[in-house]
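# Residue-level structure breakdown
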Amino acid sequence: MDSFAAAPEMPLEFASIDDAIEHLKSSHPYAIKLDERDGYDGIIVDADQLLNIARVIRDDLGFDYLSSATAVDYLGEGDHMEMVYHAYRTSGGGALVFKAQTDRENPTIPSLTSVWRGADFQEREAWDLYGIRFSGHPNLKRILMWEGFHGHPMRKDWREAYYEEDQKPFDSRWPGGHVHRSEEKNVFGKNVSYPQDIDLNRLMDSSESAVYESLGLGVDIERVMDKDGFETNELVVNMGPHHPSTHGVFRMVLTVDGETVTSLEPVMGYLHRNHEKIGERNTYLHNIPFTDRLDYISSMGNNHGYVLAVEQLMSLGRRYNPPTYRCEALRVMMVELSRIVNHLWAIGFWLNDIGAFFTPVLYFIQERERILDFFEAVAGSRMMCNYMRFGGLFGDLPERIKSVTNLTNDRVRDYNTMQFLTEMINERIPRTIDELELLLTQNEIVLERSVDVGVLSADDAINFSAAGPLLRGSGVAYDIRRAEPYSIYPELDFDIAVEDEGDMYARYRVRVQELRESVRILRQILPRLEATRGESIWADGKPGAYAPRVPHGEAYGRVENGKGELGYYIVSAGGRGGSANPWRYHVRAPSFINLTPLGHMSKGHKVADVVGILGSIDIVLGETDR
Amino acid sequence: MYGTGLAKGLMLTLRHFVESYIDDLRYGFRKYHHSTDNFGIRQGTQTKGVITVQYPDEKVAVPERFRFVPILIVEDDDHPTRAGKDWCTSCGICAKVCPPQCIWIVRGSDPVTGRPVPDPEAFFIDIDICMNCGYCAEYCPFDAIKMDHDYELASYDRTTHHIHDKERLSKPNSYWRSIAPTRAYEEMLVRGTWEHKDAAKEARRGQSSSSAPSPQPAAQPAASTPRTTPAAESAADASASATAAPPAEGATPWSEDDAKREERRRKALERKARRAAKQG
Ligand code: SF4
Ligand code: SF4
């Protein structure tokens, strides 16, 4: 505030967050109030004024990047619905958090898609899961559930099939835990309710017609024909959900004019399991292994984001010990190794998509195997690492990466851990990156397929809330490790990889650079591990509690994951003693939000390029669909 | 010149192709003769060429920390005093900490008094639901549940084979020590003995009941001792202790701790009401 008063000519785009809020309060005195709930942050905006204020936030205050937009249902805690927005500046710094509240009965909030197109999918998700209507949204329909679905499953009073209790642990497990299978129970018990006018014999899914309608096509094929006769040259092509190029069960509905794509609509949700609802039934600790299953290529990064968010909340309480230095160094090492795995995988499969079928990717997978072997020896599992804990880790590095025979034909390996790591980081991984570049960077076919294909301009990338290599490939040097540093990144020496062209090739180049930067970081981690040898990974020397209580408040923890910005929005609604289960657990999934510009990028390209463009975004469906 | 990038790439592919054979030659095609030597080298950081493992003719032995479905530790048959006895005290922590809630435990009770005894009457894990997270092993205060290394569990019928009962889950302590010697050793260091915590405690008590004061009040009846540790731990969080206090054990239902907790709760509720009033 002082700095603002002292230098009134300072442009508002650089004003501190407090000053920015002051400015908003003076320009919209009646529409804004500070969020004064215990442990909460930011401002509460009058829903009527939301759109205007969002414009001011974006244009005048410079918060040009909408990271996350999500809903919370405060049933029994004030009985309202709330949309929570986190806006950042691409020049770096913290979030301006603003919220809009609406009642639960008929929740309506103005859509922000005209300000940030990145809000598109996120608002659709909030409509789908919470039933909040967004007035002015161009395409407000369900995104993860199917159109005929009854109810909005993230609402606190919605209960899933086989519902047992609101929160784990369930009482039926102990002390009188007589086992039964859920499937032996009747699914159509009292957990399921139907709309009154429904006739089970005539169930129809309206998802299909909704998809085609939003593309400007009626489902009624005859109508298309009537209009254009048989000479029509617009054709609808469904790619997926079961298509090798979609990296999972993902569907793209294209309209093509000849070979050229005129519009594209992503259809997802085939792998939806309502991760967030599960997360709200779970205790805080239960959620860590569940985060592994989001982006299952880089589970270490998922763990990291989640523990950071919960540690933010825990640090509000009195009895909180931040992780030790060794713990932080180990976390960063694991995350950077995951990034290498992620990028090797992304580049390899992107090559598959543009036709270099499996030879390059197998070379990269060979390296990935070594890293996964290391994860397995340290964390116990190759992909579902479940390695990080609040304030610590599952365990320190073992002295040796060593196996013991158990099954028939078992073959033993035995390496010194530090030696294995050193050789990996100093020899193998750099060599692989060199080979990768030799194989691809100047390869004429790769160049022809990828240069100037799928272009996303810098402004569009920001406006679409693109994240990770997709954003940096468009010339925006935004990397959370630098923009809002966490863990020990401030003291590490590395550069943000960035390329200006915004096409598929630029994204590829960004990934290669990031591979090199990760190696650079890892080389700095090794001496730190040597220096802290023997230090405990827990601040007080012993592992954390199995049922930690987390103080009242909200937190948004975000990390730069391989695929982009991974954020966790957590609300703890306990009393002063804290809560054992999160009230709200939201994942800002980069794979999901990065799909928002897919249609925009694909327009005007050939069908075969769409596959490459999707590959260059690098999605994983476990995270997209959640 | 157009095509040089391509040619370089193809040369690299060729090099990989040749290297895969060089490695095979170096190890004299022993890879295909079930040889165990050189496996570590071929799989290590120095190797070049193909690293394929010929499963199931050869398998990569898993590292000690590897986790698959859990097993319950029982005392070896040749144990002098506790042969065949479960390490599990049915304290229930693993069931609480299990994320997908796939552990079901029936706590044992004394047939005469009805009081809970530190022995699970039944113990089930639904391995279809188990997500192999390893929490149960990590948080069990008695080292009684561990993650197995045997991942070959395919079966023809999931409905009859995939709920592991206590018999199926139980493995002798010596098995655990053989598949994870380093970890077993580390756990021993933490416990301070190779024996089960309680067994060691009882043994100590037997020796020193008269002389040195033991950490536990010596007057406490033996039957309820094992409960003290888990109960003391779970008293730290109110929800756990609410379920941990069994109805049958009503000797001191209202301790000083409970009174304090109730007081804290009342204050917290007051604060919450104030907050709500402020907002409303
Ligand atoms: S935590 Fe250990 S001792 Fe307690 S019930 Fe589970 S296996 Fe038994
Ligand atoms: S490994 Fe995890 S999921 Fe499986 S039984 Fe143990 S705690 Fe439950």
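### Some remarks on the interface of chain A and chain B
Taken together, the contact between chain A and chain B spans 80 residues of the former and 86 residues of the latter. The junction of chain A with chain B conceals about 7,300 Å² of combined surface from both sides, 54% of it contributed by carbon and sulfur atoms. On the chain A side of the contact with chain B, Trp174, Arg411 and Tyr546 of chain A bury the most area, a combined 14% of that side's loss. Linking chain A with chain B are three salt bridges. We note a salt bridge from Glu435 of chain A to Arg15 of chain B, for which the minimum N-O separation is 2.9 Å. In this assembly, chain A and chain B are joined by 28 residue pairs in polar contact (both at pLDDT 80 or more). Of all the elements in the fold, those that place two or more residues in the side of chain A that touches chain B are helix H8 (287-292), helix H11 (359-379), strand E16 (410-411), helix H12 (417-440) and helix H13 (444-450) of chain A.

### Details of the sheet that holds strand E3 (residues 65-73) of chain A
Residues and elements named next belong to chain A. Taken in spatial order, the five strands line up as E1-E2-E5-E4-E3 in an open sheet, and their pairing is mixed. Each edge of the open sheet carries a strand with a single partner, namely strand E1 (32-34) and E3. The mean angle between the axes of side-by-side strands here comes to 25°, regardless of whether they run parallel or antiparallel. The sheet contact formed by E1 and strand E2 (residues 43-45) spans three bridges and is antiparallel. Bridge assignment links Ile32 to a residue of E2, and that residue is Val45. Helix-sheet contacts for helix H2 (residues 17-27) involve E1, E2 and strand E5 (96-103), and the interaxial angle to E1 is about 140°. Running at roughly 175° to E5, helix H3 (residues 50-60) makes contact with E1, E2, strand E4 (80-88) and E5 of the sheet.

### Focus: a positive patch on the surface
Together, Arg318 and Arg319 of chain A together with Lys260 and Arg264 of chain B give the surface a local cluster of positive charge. Within the secondary structure, Arg318 of chain A is located in the loop between helix H9 (299-314) and helix H10 (325-353).

### Remarks on helix H20 (residues 607-617) of chain A
Judged by how many residues are buried, H20 of chain A sits mostly within the fold: 10 of 11 residues are covered. Asp618 of chain A sits one or two residues past H20 of chain A and shows a positive phi near 70°.

### Thoughts on the packing of aromatic side chains
For the coordinates displayed, the defined rule picks out 23 aromatic pairs over all chains. Where Phe374 of chain A meets Phe375 of chain A, the ring centres are 6.4 Å apart and the plane angle is 45°; that geometry is what we call tilted. In this pair, the class of Phe374 of chain A matches that of Phe375 of chain A, namely buried. One aromatic cluster is present, formed by Tyr306, Phe390, Tyr568 and Tyr585 of chain A through successive ring pairs. Its guanidinium or amino end placed over the ring of Phe494 of chain A, Arg482 of chain A lies 3.9 Å from that ring's centre, counting from NZ or CZ. When the ring centre of Trp194 of chain B is taken as reference, the NZ or CZ atom of Arg177 of chain B above it lies at 3.7 Å.

### Let's talk about the domain arrangement of chain B
Domain annotation for chain B reports domain 1 (14-61), domain 2 (70-202) and domain 3 (230-243 + 256-279). Inter-centroid distance (C-alpha atoms) of domain 1 of chain B to domain 2 of chain B is 38 Å.

### Side note on the pattern of salt bridges
All names here are of chain A. All told, the structure shown has 61 salt bridges over all chains when counted by the stated rule. The shortest N-O distance in the salt bridge between Arg58 and Asp59 comes to 2.7 Å. On the accessibility criterion, Asp59 (44% relative accessible area) is partly exposed. For Arg481, the salt bridge is made with Asp479, and the minimal N-O distance between the two is 2.8 Å. Residue Arg481 is classed as buried on the basis of its relative accessible area of 2%. The buried category is assigned to Asp479, whose relative accessible area is 1%. Several salt bridges share partner residues, and in doing so they unite Glu336, Arg339, Arg472, Asp479, Arg481, Glu514 and Glu560 into one network.

### Some thoughts on H10 of chain A
Side chains of residues three or four places apart in an α-helix project in the same direction, reflecting 3.6 residues per turn. With 29 residues, H10 of chain A extends 41 Å from end C-alpha to end C-alpha; this agrees with the ideal 42 Å at 1.5 Å per step. Burial of H10 of chain A is extensive: 27 of the 29 residues sit out of reach of the surface.

### Description of the domain arrangement of chain A
Accessible area lost upon the coming together of the parts is a frequently used measure of interface size. All names here are of chain A. Taken domain by domain, chain A comprises domain 1 (2-135), domain 2 (201-260) and domain 3 (275-625). Placing a centre on the C-alpha atoms of domain 2 and another on those of domain 3 gives a separation of 35 Å. Taken together, the contacts link 12 residues of domain 2 with 15 residues of domain 3. When domain 2 packs against domain 3, close to 1,200 Å² is buried across both sides, 71% of that on carbon and sulfur atoms. At the boundary of domain 2 with domain 3, the tally comes to zero salt bridges. For the side of domain 2 that touches domain 3, the secondary-structure elements that each account for two or more residues are strand E10 (248-249) and strand E11 (251-257). If you tally residues by element for the side of domain 2 that touches domain 3, the top one is E11, at three residues.

### Observations concerning the packing of H9 of chain A against H10 of chain A
All names here are of chain A. H10 packs onto H9 with a crossing angle of 140° between their chain directions and a minimal axis gap of 8 Å. Judged by the inter-axis angle, H9 sits oblique to H10. Residue-level inspection shows Met300, Gly301, His304, Val307 and Glu311 of H9 in contact with H10, the latter providing Arg331, Met334, Val335 and Ser338. Class assignment for the residues of the contact of H9 with H10 results in four nonpolar, three polar and two charged.

### Some remarks on the nonpolar core
Membership of the largest hydrophobic core comes to 217 residues, with the highest contact counts inside it found for Met333, Phe374 and Tyr387 of chain A together with Ile103 of chain B. At 14 residues, H10 of chain A tops the list of elements feeding residues into this core. In contact with Tyr387 of chain A, not counting residues within four places along its chain, are Met300, Asn303, Leu330, Met334, Val378, Ala379, Leu393, Phe394, Gly395 and Asp396 of chain A.

### A short note on the sheet that holds strand E19 (residues 564-572) of chain A
All names here are of chain A. Sheet architecture is open: three strands sit in the order E18-E19-E20, paired in antiparallel fashion. Edge positions in the sheet fall to strand E18 (553-561) and strand E20 (584-588), since each has one partner strand and no second. Between one strand axis and the next, the sheet turns by 10° as a mean value, whatever way the strands run. Relative to E20, E19 runs antiparallel, the two being bridged by five bridges. Looking across to E20, one finds that Tyr569 is bridged to His586.

Cut-offs used in this document
Numbers given to residues run from 1 along each chain, matching the order in which its sequence is written. Key to labels: chains lettered from A, ligands numbered from 1, both in the order written. Predicted model: local features are reported for residues with pLDDT of at least 70 only, side-chain atom pairs are reported and counted for 80 or more only, and whole-chain, interface and lining totals are derived from all residues. Values reported for side chains reflect all heavy atoms of the structure, with hydrogen atoms and water molecules removed beforehand. What makes two residues a contact is simply this: any of their non-hydrogen atoms within 4.5 Å. Accessible surface is computed with a 1.4 Å probe, and the buried area is the amount of it that two parts give up when combined, taken over both parts together. Note on definitions: salt bridges are taken to be side-chain nitrogens of Lys or Arg within 4 Å of carboxyl oxygens of Asp or Glu. Between N or O atoms, a polar contact is any pair within 3.5 Å; within protein, one atom must be a potential hydrogen donor and the other a potential acceptor, and residues adjacent in sequence are included only when both atoms are from side chains. A run of DSSP states H or I qualifies as a helix once it reaches four residues; a run of E qualifies as a strand once it reaches two. Both are numbered from the N-terminal end. Only strands that DSSP links by at least two bridges are regarded as paired with each other. Axis definition: a line fitted to C-alpha atoms, limited for helices to the stretch in contact. Angles are taken between N-to-C directions and run from 0 to 180 degrees. Patch definition: residues above 30% relative accessible area lacking any salt bridge, with like charges linked at up to 9 Å and the nonpolar side chains Val, Leu, Ile, Met, Phe, Trp and Tyr linked at up to 5 Å. In short, Shrake-Rupley with a 1.4 Å probe defines the accessible areas, and a residue's cover is counted only from the protein chains shown. None of His or the chain ends enter the tally, which takes Lys and Arg as positive and Asp and Glu as negative. The atom standing in for a charge is NZ when the residue is Lys, CZ when it is Arg, CG when it is Asp and CD when it is Glu. Only protein chains enter the accessibility calculation, which uses a 1.4 Å probe. A residue is then buried if its area is under 20% of the maximum for its type, exposed if over 50%, and partly exposed in between. Ring geometry is summarised as follows: Phe, Tyr and Trp rings, the Trp one being its six-membered ring, pair when their centres sit within 6.5 Å, and such pairs are stacked at plane angles under 30 degrees, edge-to-face over 60 and tilted between the two. Distance and angle both matter: a charge sits over a ring if NZ of Lys or CZ of Arg is within 6 Å of the ring centre and within 35 degrees of the ring normal. Note that domain bounds follow an automatic or database assignment of domains. Expected span, for any helix, means 1.5 Å times one less than how many residues it has. Roughly parallel means an angle under 35 degrees; roughly antiparallel means over 145; roughly perpendicular covers 65 to 115; every other angle is labelled oblique. For this scheme, ten residues count as nonpolar: Ala, Val, Leu, Ile, Met, Phe, Trp, Tyr, Cys and Pro. Four count as charged, namely Asp, Glu, Lys and Arg, and the remainder, Gly too, count as polar. Residues belong to one nonpolar core when they are buried, are Ala, Val, Leu, Ile, Met, Phe, Trp, Tyr or Cys, and are joined through side-chain atoms within 4.5 Å.

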